[in-house]
Amino acid sequence: MALLVYDYLCTLELEVQHIWPSRWSLTKVLYVVTRYSPFIDVPMSLYFYFSPDITIAECRKINRVIVWLTGIGVGSAQGILVVRTISLYDNNRRLMQYVCCFLILIYTPTIVLLLLWSTSVPFGVPPPGIVGCHFSGKHPIMLGSYAAIALSETLLVGLSVWIGIKKFRRSAGHLITTFYRDGVFFFMYLFIMSITNIVASVFSPNIDLPSTCQRVMHAIFSARLILHLREAACESSESMQYLPRISSIHFNHTTSQNHLARVGTI
């Protein structure tokens, strides 16, 4: 929670500058949900895991709410990655259909199983010295949800890297560097978090705290992805006003920059 608040304060100026004045769009809605929903479910998760007086009945109720809110938050963060990736391909309709179909095939059974799990997961009395809610049985469904997140993010980042190599390999600039630095770095960190949760689900089935850490980092990285892109796009658009256009090389470079500048304003 402290990391969430700290990051919010560090990036609030960027948000005020680049998000608040912008018109409402799908990306802005996804950003707002991704940015602010953790302030609801993360405190609930902390109470869920660390309250010394919580009852089993309260654990069941809070767990259902946390599953719903976490699903909405992670879904909005995934939405940001989808919009970002599709925009790189000039909003190619066929690719959009393929990606959406893939995500539906991956997440529909995962969501159904998670909802079933949230209503049937067994809770028990925690061992001596342990506080908070305690899962009394294994929950392999959670392993599948982490694997689905890792798989979908691998696909989206792979598509981004491919089009970057194909279209922007000759371009250089702060916007392009920001785009791929943030995208690849954030993916690697979140992928490691997903693997950590998978391992925890297998070897420590009664502990699900790492999922809260992944939830927080998902929100932070996805929000920063939008903020950094818009900041870099603003700087790039200002610098491009002074680029010479006296050769085809300059023209091609500017075309790539213009395209990424549009991506930066998603």
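Structure: see above.
In this text the structure is predicted, and so the values were computed from the model without any measurement.

S.K.: Just checking my understanding: could you explain the overall build of the protein for this structure?
M.R.: In terms of regular secondary structure, the protein is built from nine helices and two strands. The order of helices and strands in the protein, counted from the N terminus, is α-α-α-α-α-β-β-α-α-α-α. Partitioning the intrachain contacts of the protein with sequence separation of at least 6 by distance along the chain shows that 78% fall at a separation of at least 24. About 13,800 Å² of surface is accessible on the protein, with carbon and sulfur atoms providing 70% of the total.

S.K.: Is there a simple way to explain the state of the cysteines in this structure?
M.R.: Simply put, disulfide is the name for a covalent bond between the sulfur atoms of two cysteines. Taken as a whole and judged by the stated rule, the model has one disulfide. Each disulfide pairs two cysteine sulfurs, and for C59 the partner residue is C133, the sulfurs being separated by 1.9 Å. One disulfide, between C59 and C133, carries an S-S torsion of -95° and so falls in the left-handed class. Of the two residues, C59 is situated in helix 4 (residues 56-88) and C133 in the loop between strand 1 (123-124) and strand 2 (134-135); the sequence distance between them amounts to 74 residues. We classify C59 as buried; its relative accessible area is 4%. We note that C100 lacks a disulfide partner, and the nearest cysteine sulfur, in C101, lies 7.1 Å from it.

S.K.: What is the right way to read the side chain of S87 from this model?
M.R.: The topology assignment puts S87 in helix 4. Within the structure, the side chain of S87 is placed 2.7 Å from the backbone oxygen of R84, a separation counted as a polar contact.

S.K.: What is the right way to look at the packing of aromatic side chains in this model?
M.R.: What characterises a pair of aromatic rings is the spacing of the ring centres plus the angle enclosed by the ring planes. This model, assessed by the stated rule, comprises five aromatic pairs. Ring centres 5.7 Å apart and planes at 80° place the aromatic pair Y8 and F39 in the edge-to-face group. Placement of Y8 in helix 1 (residues 2-18) and of F39 in helix 3 (residues 38-50) is noted, with a sequence separation of 31 residues between them. Given a relative accessible area of 27%, F39 falls into the partly exposed group. Seen from their ring centres, F48 and F123 are 5.9 Å apart, and the 75° between their planes marks the pair as edge-to-face. Here F48, found in helix 3, pairs with F123, found in strand 1; they are 75 residues apart in sequence, far enough to count as distant.

Rules used throughout
Residues numbered from 1 in each chain as written. Predicted model: local features only at pLDDT ≥ 70, side-chain atom pairs only at ≥ 80, totals over all residues. Heavy atoms only, no water. Helix = DSSP H or I, 4+ residues; strand = E, 2+ residues; numbered from the N terminus. Contact = heavy atoms within 4.5 Å. Areas by Shrake-Rupley, 256 points an atom, 1.4 Å probe, with all protein chains shown as cover. Disulfide = S-S within 2.5 Å. Buried < 20%, exposed > 50% of the residue type's maximum accessible area, 1.4 Å probe, protein only. Polar contact = N/O pair within 3.5 Å; in protein donor to acceptor, adjacent residues only side chain to side chain. Phe/Tyr/Trp six-rings, centres within 6.5 Å; stacked < 30°, edge-to-face > 60°.

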